[in-house]
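One-letter residues, chain by chain:
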Amino acid sequence: MAQAQGTAMKTPLLVARGLSKSFGGLQAVADVDLDVYAGEILGVIGPNGAGKSTTFSMIAGALPPTSGTLMLEGQSLLALPTHAFAKCGIMRTFQHNKPFVSMSVQDNVMMGMHTQLWGGLWRVLLNLGGAVRREKAAAQRANELIEFVGLGEWRDADVSSLSFGQGRLLEIARGLAAEPRLMLFDEPAAGLTPAECERLSVIIRQIASRGIAVLLIEHDMRFLMALADRVAVLNFGRKIAQGTPAEVQRDPAVVSAYLGNVKVSEMNNMNADGHA
Ligand SMILES: Nc1ncnc2c1ncn2[C@@H]1O[C@H](COP(=O)(O)OP(=O)(O)O)[C@@H](O)[C@H]1O
Ligand SMILES: [Mg+2]
């Protein structure tokens, strides 16, 4: 929180201006401005189809914007190929993330040090045996990350033996292995048990406190509002509000956008679709 209060005086890590994406005739994201600061958690909310994931895809380099600019520390990202975004320190976790290969948790995290891209996976795998033996420091670092996300006991287990929630933690450890400066979480709490959600929020907070910028899409309002320093609200592709969780929750435009006639005081008990 202390970091976010100081944002007015700092330079944003990531600056998006006029970010837009059309799919044929559908304007999925329209003229969105976003500033993301190192060490903050910026929540992104909005009803289903509001353009949240599309915005993330553009920031992660997976989708080229139709128009707009995207700058990381003053450098334009737009001309870069997808894999260069990861090299620049932008890392994204996915909603569905079960690894479909057989390898240990530790090897899987170490893979994150080389690349996050499936395109590069096979090359990495072919080299893995020799590389791992030479990279003691890398193994050490992987073990720290595995401990950090709470998978220490599963370090040597096969990734296929992990539960759904553990798979999500593994993905976070693998993402951190690439030493990102900006991490994008698209509905990370989806499918997790309440205990796993609790652990996830601690982990996300610690990631931000390490100085990493966190962009967080989350359906679970209680989870998001408790975590985010600031919240941006999308509706029909446009940003309709931005502010602290408290400011956003009392913003009339937000309330009418997707909370219908439900009292704002009840918002904390609802998910992003306005259902209890
Ligand atoms: N690859 C795509 N092709 C066509 N339409 C898409 C594509 N991806 C998303 N959309 C559409 O863009 C809109 C925004 O989608 P999305 O960004 O996934 O919303 P959210 O994540 O907020 O639920 C939706 O209407 C969706 O159907
Ligand atoms: Mg989405």
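Provided above is the structure to which this section pertains.
Residues numbered from 1 in each chain as written. Chains lettered and ligands numbered in written order. Predicted model: local features only at pLDDT ≥ 70, side-chain atom pairs only at ≥ 80, totals over all residues. Heavy atoms only, no water.

A. Spatial organisation of the overall build of the chain. Of regular secondary structure, the chain possesses 11 helices and 10 strands. Going through the 276 residues of the chain one by one, you find that 51% of them count as buried. Long-range pairs, those at least 24 residues apart, make up 67% of the contacts in the chain with a sequence separation of at least 6. Just so you have it, the chain exposes about 12,600 Å², and 54% of that area is on carbon and sulfur atoms. (Helix = DSSP H or I, 4+ residues; strand = E, 2+ residues; numbered from the N terminus. Buried < 20%, exposed > 50% of the residue type's maximum accessible area, 1.4 Å probe, protein only. Contact = heavy atoms within 4.5 Å. Areas by Shrake-Rupley, 256 points an atom, 1.4 Å probe, with all protein chains shown as cover.)

B. Fine view of the sheet that holds strand β5 (residues 75-76). In spatial order, the strands read β2-β1-β4-β5; together these 4 strands make up an open sheet with antiparallel pairing. Since the sheet does not close on itself, it has two edges, and those belong to β2 (26-36) and β5, each with one partner. Across 7 bridges, strand β1 (residues 14-23) lies against β2 in antiparallel orientation. The residue of β2 that forms the bridge with F23 is L26. Relative to the sheet, helix α2 (residues 52-59) contacts β1, β2 and β4 (67-72), its axis offset from that of β1 by approximately 120°. (Pairing = 2+ DSSP bridges. Axes fitted to C-alpha atoms, helices over the stretch in contact; angles between N-to-C directions.)

C. Quick peek at the site of ligand 1. Taken together, F23, L26, A28, P47, N48, G49, A50, G51, K52, S53 and T54 make up the full set of residues near ligand 1. Contact between ligand 1 and A50: an oxygen atom at 3.1 Å from a main-chain N or O atom of the residue. In this structure, T54 approaches ligand 1 through a side-chain N or O atom, which is 2.6 Å from an oxygen atom. In isolation ligand 1 has 560 Å² of accessible area, and contact with the protein removes 57% of it. Residue assignment for the shell around ligand 1 shows that the elements contributing at least two residues are β2 and α2. Sort the elements by how many residues they give to the shell around ligand 1 and α2 lands first, with 3 residues. Broken down by class, the residue content of the shell around ligand 1 amounts to 5 nonpolar, 5 polar and 1 charged. (Near = heavy atom within 4 Å. Polar contact = N/O pair within 3.5 Å; in protein donor to acceptor, adjacent residues only side chain to side chain. Nonpolar A, V, L, I, M, F, W, Y, C, P; charged D, E, K, R; others polar.)

D. The packing of aromatic side chains, seen in detail. Counted by the stated rule, this structure contains 0 aromatic pairs. Taking the ring centre of F148 as reference, the NZ or CZ of R210 above it sits at 4.1 Å. (Phe/Tyr/Trp six-rings, centres within 6.5 Å; stacked < 30°, edge-to-face > 60°. Lys NZ or Arg CZ within 6 Å of the ring centre and 35° of its normal.)

E. Broad picture of the pairing of β4. Pairing geometry for β1 and β4, over 5 bridges, is antiparallel. In the strand pairing of β4, L14 is matched with L72. Inspection of the sheet shows β4 paired to β5 by 2 bridges, in the antiparallel sense. Its bridge partner lying in β5, L72 is registered against Q75.

F. Region of interest: the nonpolar core. With 49 residues, the main nonpolar core has I204, I207 and L216 as its most contacted residues. Counting residues domain by domain, this core receives three or more from each of domain 1 (1-89 + 180-276) and domain 2 (98-179). Every residue in contact with I207, bar those within four places of it in the chain, is listed here: F148, I172, L176, M183, F185, I212 and V214. L42, L70, L182 and A232 belong to the second-largest nonpolar core, a separate cluster that totals 27 residues. (Core = buried A, V, L, I, M, F, W, Y, C linked by side-chain atoms within 4.5 Å. Domains from an automatic or database assignment.)

G. Looking closely at helix α7 (residues 164-177). The end-to-end C-alpha distance of α7 is 20 Å, a good match for the 20 Å that 14 residues give at a rise of 1.5 Å each. In terms of residue burial, α7 counts as a mostly covered element, since 13 of its 14 residues are buried. (Expected span 1.5 Å × (residues − 1).)

H. Examining the packing of helix α6 (residues 136-148) against α7 more closely. It is the contact of α6 with α7, at a shortest axis distance of 9 Å, that shows an interaxial angle of 140°. Comparing the axis directions of α6 and α7 gives the class oblique. The chirality of how α6 crosses α7 is right-handed. Listed contacts from α7 to R141, L145 and F148 of α6 are A173, L176 and A177. In the contact of α6 with α7, the residues fall into 5 nonpolar, no polar and 1 charged. (Parallel < 35°, antiparallel > 145°, perpendicular 65-115°, else oblique. Left-handed = near helix turned anticlockwise from the far one by under 90°.)

I. Main features of the sheet that holds strand β9 (residues 230-235). Spatially, 6 strands are ordered β6-β7-β8-β3-β9-β10 in an open sheet, and the strand pairing comes out mixed. For this open sheet the edge positions go to β6 (90-93) and β10 (238-243), each flanked by a neighbour on one side alone. Taken over all neighbouring pairs, the strand axes of this sheet differ in orientation by 20° on average, direction set aside. This element, α7, spans β6 and β7 (182-186) of the sheet and lies at about 160° to β7.

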